[in-house]
Amino acid sequence: MPLHEWMSLVFLCLMGAMSPGPSLLVILACTVEGGKPSGIMASVGHGIGVSLYAVVTATGLGLLLLASPVALGVLQFLGACFLFYIGWKLFFSALRPRSVHVEAKAMPLSHMFRDGFLIAVFNPKIAIFFLSVFSQFLSPGQSGIVHVQMALVAGVIDTLVYVCVVLLASSPVINKLLIGQNRYRDLSIGGFLMLVSLGLIVKQLYV
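Fair warning: this is a prediction, and the values are worked out from it, not measured in the lab.

Enquirer: Describe the overall build of the chain, listing the residues and the values that go with them.
Expert: The helix and strand inventory of the chain stands at 11 helices and 0 strands. The order of helices and strands in the chain, counted from the N terminus, is α-α-α-α-α-α-α-α-α-α-α. Per-residue burial for the chain yields a buried fraction of 44% across its 207 residues. The contacts of the chain with a sequence gap of at least 6 include a subset with a gap of at least 24, amounting to 85%.

Enquirer: How would you summarise the environment of T57 if you had to cite specific residues and measurements?
Expert: For T57, the location among the structural elements is in helix α3 (residues 36-58). For T57, a relative accessible area of 3% puts it in the buried group. For the pair formed by T57 and I128, sequence separation is 71 residues and the distance between their alpha carbons is 8.6 Å.

Enquirer: So what's going on with the packing of aromatic side chains? Residues and values would help.
Expert: The geometry of an aromatic ring pair comes down to the distance between the two centres and the angle between the two planes. Under the definition given, this model contains 1 aromatic pair. Between the aromatic rings of F84 and W88, the centroid separation amounts to 6.0 Å while the plane-to-plane angle is 35 degrees, which identifies the pairing as tilted. Linking F84 with W88, this pair stays in helix α5 (residues 69-94), spanning 4 residues, or about one helical turn. For W88, a relative accessible area of 44% puts it in the partly exposed group.

Enquirer: Which residues make up the environment of N123, and what values do they have?
Expert: One can find N123 in the loop between α7 (109-121) and α8 (124-134). Between the alpha carbons of N123 and V50 there is a distance of 9.6 Å; along the sequence they are 73 residues apart. Those residues in contact with N123 that sit more than four places away from it in its chain are S23 and Y53.

Enquirer: I'd like to hear about the nonpolar core, residue by residue, with values.
Expert: Residues L9, F130, F134 and M150 are the most contacted members of the largest nonpolar core, which totals 21 residues. At 6 residues, helix α9 (residues 144-169) tops the list of elements feeding residues into this core. Ranked by size, the runner-up nonpolar core spans 18 residues in total, among them I27, L83, L90 and I189.

Enquirer: I'd like a rundown of the confidence of the model for the chain, residues and numbers included.
Expert: For the chain, the average pLDDT comes to 76, and 74% of its residues sit at 70 or higher. The low-confidence segment residues 99-105, where pLDDT is below 50, has 14 contacts with residues more than four positions distant or belonging to other chains.

Enquirer: Let's hear about the packing of α3 against α9: which residues, and what values?
Expert: Packing of α3 against α9 leaves a shortest axis separation of 8 Å and a crossing angle of 155 degrees. Considered as vectors, α3 and α9 are oriented roughly antiparallel to each other. Considering the relative orientation of α3 and α9, their crossing is right-handed. Contact residues: α3 offers K36, G39, I40, S43, V44, H46, G47, V50, S51, A54, V55 and A58, while α9 offers H147, A151, A154, G155, D158, T159, Y162, V163, V166 and L167.

Enquirer: So what about the side chain of D115? Which residues, and what values?
Expert: With respect to the helices and strands, the residue D115 is situated in helix α7. In this structure D115 touches V26, C30, F82, I86 and K89, once residues within four positions along its chain are discounted.

Enquirer: Explain the side chain of S23 residue by residue, including any values.
Expert: Here S23 is to be found in helix α2 (residues 22-34). Classification of S23 as buried rests on a relative accessible area of 7%. At 2.7 Å, the side chain of S23 forms a polar contact with the side chain of H46. Not counting residues up to four positions away in its chain, the partners in contact with S23 are H46, I119, N123 and Y162.

Enquirer: Give a detailed account of the environment of A42, specifying residues and quantitative values.
Expert: Turning to its location among the elements, A42 is positioned in helix α3. The class for A42 is buried, based on a relative accessible area of 0%. For the pair formed by A42 and F117, sequence separation is 75 residues and the distance between their alpha carbons is 7.1 Å. For A42, the residues in contact, after removing those within four places along its chain, are I27, C30, M112, F113 and G116.

Enquirer: For the packing of α2 against α3, give the residues involved together with the corresponding values.
Expert: With their axes 6 Å apart at the nearest point, α2 and α3 run at an angle of 150 degrees to one another. The angle between the axes of α2 and α3 places the two elements in the roughly antiparallel class. Of the two possible hands of crossing, α2 and α3 adopt the one that is right-handed. Facing S23, I27, C30, T31 and G34 of α2, the residues of α3 in contact are K36, P37, S38, G39, A42, S43 and H46. Partitioned by chemical class, the residues of the contact of α2 with α3 number 4 nonpolar, 7 polar and 1 charged.

Analysis parameters
- Residues numbered from 1 in each chain as written.
- Predicted model: local features only at pLDDT ≥ 70, side-chain atom pairs only at ≥ 80, totals over all residues.
- Heavy atoms only, no water.
- Helix = DSSP H or I, 4+ residues; strand = E, 2+ residues; numbered from the N terminus.
- Buried < 20%, exposed > 50% of the residue type's maximum accessible area, 1.4 Å probe, protein only.
- Contact = heavy atoms within 4.5 Å.
- Phe/Tyr/Trp six-rings, centres within 6.5 Å; stacked < 30°, edge-to-face > 60°.
- Core = buried A, V, L, I, M, F, W, Y, C linked by side-chain atoms within 4.5 Å.
- pLDDT = per-residue confidence, 0-100.
- Axes fitted to C-alpha atoms, helices over the stretch in contact; angles between N-to-C directions.
- Parallel < 35°, antiparallel > 145°, perpendicular 65-115°, else oblique.
- Left-handed = near helix turned anticlockwise from the far one by under 90°.
- Polar contact = N/O pair within 3.5 Å; in protein donor to acceptor, adjacent residues only side chain to side chain.
- Nonpolar A, V, L, I, M, F, W, Y, C, P; charged D, E, K, R; others polar.

So this is what it looks like as structure tokens:
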């Protein structure tokens, strides 16, 4: 692809990664639970999940997913359930006594990586985004190497954006608001995640 097309792809992926949504809340929740290392691991997991969707989309397999209402509905339902799980975990850990709450923070980094990865995989809106974006840059006869490079660009940008979010959330200026003992903050983020997920589940069941 020409350089100007790569620059356009970078810009669109950057805008997509910076848009607010459930992924941002999950990354913040992981940062709240385990601090900067946990947030970074969740960001890396999310970036890999985004890269996976980007590869699937670039190779045309994303069209098969979106063409199947059942597969799309299952993914959306699983994503809503996973959001509820993240919110539940954060909300009820905030209700425990202080000593128990501190112990709950010591989550393995692999769990944070998993949470970041799964919130990306269970979000078919990412596939829709890449279908709309990549369709502008795909052409007949394009090599698979170019597709992999496009996916890596998307994944790296996504990871860097969320790592920046984690670093900002861990800075001394707003550390007291986002990191450490803050029961009302944890209750708010956890409660909001559960409300959003319940709305998505109801939508899936009755639409």
